[in-house]
Amino acid sequence: MADTQQVDEGTDAKKAARAERRVARLAKQIGAFSKKHGGAEGQVAYLGERGARIVLVGEDGGWGDLVAPSYDIAEKAVAKSGITVHEEFDGEFAAKVRTGPYEWTRMAGIQVGGPSNT
């Protein structure tokens, strides 16, 4: 039985190391977004088995998102990046998002049969 525990501990260590690398990679991407947009704020949304979505809004109104394999990894990445994190995507935070012609055309294409931008 000791052999099994050693294998499990090795596997757990590999999983932990992989998770740390993912956290570091996501934090680096968040930091790059923040630098490009003059700062950033974010919100983490649970996606179920798929993981978690990190929604980013820059100080200039630019926005983007990243998907993490788990909610825990997403939370650690935003904490490591040092951005402000909101509980919900509403109110003043949502009002900071600036959409451009592409988004409006896509929304029109999806909602009312407008051009699809393809």
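Residues numbered from 1 in each chain as written. Predicted model: local features only at pLDDT ≥ 70, side-chain atom pairs only at ≥ 80, totals over all residues. Heavy atoms only, no water.

### Points about the pairing of strand S2 (residues 52-58)
With 6 of its 7 residues buried, S2 lies for the most part within the structure. Here strand S1 (residues 40-46) hands over to S2 after 5 residues, with Gly48 in that stretch at a positive phi of 85 degrees. When S2 meets strand S3 (residues 63-68), the two strands line up antiparallel, connected through 6 bridges. Directly across from Val55, in S3, lies its bridge partner Asp65. Counting the residues in the hairpin turn of S2 and S3 gives 4 residues, including Gly61, whose phi is positive at 95 degrees. (Buried < 20%, exposed > 50% of the residue type's maximum accessible area, 1.4 Å probe, protein only. Helix = DSSP H or I, 4+ residues; strand = E, 2+ residues; numbered from the N terminus. Pairing = 2+ DSSP bridges.)

### Describing the nonpolar core
Ranked by internal contacts, the top residues of the largest apolar core, which has 16 residues, are Ile30, Ile54 and Leu56. Every element with two or more residues in this core is listed here: helix H1 (2-36), S1, S2, S3 and helix H2 (71-81). Look past the residues within four positions of Ile54 in its chain and what remains in contact with it is Ile30, Gln43, Val44, Gly64, Asp65, Leu66, Ala74 and Val78. (Core = buried A, V, L, I, M, F, W, Y, C linked by side-chain atoms within 4.5 Å. Contact = heavy atoms within 4.5 Å.)

### Quick word on the sheet that holds S2
Pairing is mixed across the open sheet formed by 4 strands, whose spatial order is S3-S2-S1-S4. Since the sheet does not close on itself, it has two edges, and those belong to S3 and strand S4 (84-86), each with one partner. The average undirected angle you get between the axes of adjacent strands in this sheet is 25 degrees. With 7 bridges connecting them, S1 and S2 associate as antiparallel partners. Its bridge partner lying in S2, Ala45 is registered against Arg53. Across the face of the sheet, H2 comes into contact with S1, S2, S3 and S4 while running at roughly 170 degrees to S1. (Axes fitted to C-alpha atoms, helices over the stretch in contact; angles between N-to-C directions.)

### Here we look at the environment of Gln43
Among the secondary structure elements, Gln43 is positioned in strand S1. Spatially, the C-alpha atom of Gln43 lies 6.6 Å from that of Phe89, the residues being 46 residues apart in sequence. The contacts of Gln43, once residues within four sequence positions are left out, are Arg53, Ile54, Val55, His86, Glu87, Glu88, Phe89 and Phe93.

### Some thoughts on the pattern of salt bridges
Using the criterion set out here, one finds 3 salt bridges in the structure. Two residues, Asp72 and Lys76, come together in a salt bridge whose shortest N-O distance is 3.3 Å. Linking Asp72 with Lys76, this pair stays in helix H2, spanning 4 residues, or about one helical turn. (Salt bridge = Lys/Arg side-chain N within 4 Å of Asp/Glu carboxyl O.)

Taken by themselves, the reported measurements are silent on function.
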